[in-house]
Amino acid sequence: MAVLLNPPGETPPAEGSIAEAHEERADGGPWEHPGVWTALIVIGALVVAAYFLARMIGYV
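Residues numbered from 1 in each chain as written. Predicted model: local features only at pLDDT ≥ 70, side-chain atom pairs only at ≥ 80, totals over all residues. Heavy atoms only, no water.

Asks: Please clarify how the overall build of the protein chain should be interpreted in this entry.
Replies: When helices and strands are counted, the protein chain shows one helix and zero strands. Relative to its 60 residues, the protein chain shows a buried fraction of 2%. For the protein chain, the computed accessible surface area is about 6100 Å², with 67% contributed by carbon and sulfur atoms. (Helix = DSSP H or I, 4+ residues; strand = E, 2+ residues; numbered from the N terminus. Buried < 20%, exposed > 50% of the residue type's maximum accessible area, 1.4 Å probe, protein only. Areas by Shrake-Rupley, 256 points an atom, 1.4 Å probe, with all protein chains shown as cover.)

Dropping the structure here:
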């Protein structure tokens, strides 16, 4: 009969595997989320478009 090196229910180590869990990187806050950048770009484009529209109408 084979000798069990690992207790039942545990995954045996595999050749070439890393058995340690990696630590997750901390969240970078709102600047790491693409929605913030997209919103800034859209708002900036709307401001520029509103400026040129106001010039065409004659407000500026």
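From this point, things continue past the structure.
Asks: What's the story with the packing of aromatic side chains in this structure? I'm lost.
Replies: Counted by the stated rule, this structure contains one aromatic pair. Between Tyr 51 and Phe 52, the aromatic rings sit 5.3 Å apart at their centres with planes inclined by 70°, giving edge-to-face as the arrangement. By relative accessible area, Tyr 51 is classed as partly exposed at 39%. (Phe/Tyr/Trp six-rings, centres within 6.5 Å; stacked < 30°, edge-to-face > 60°.)

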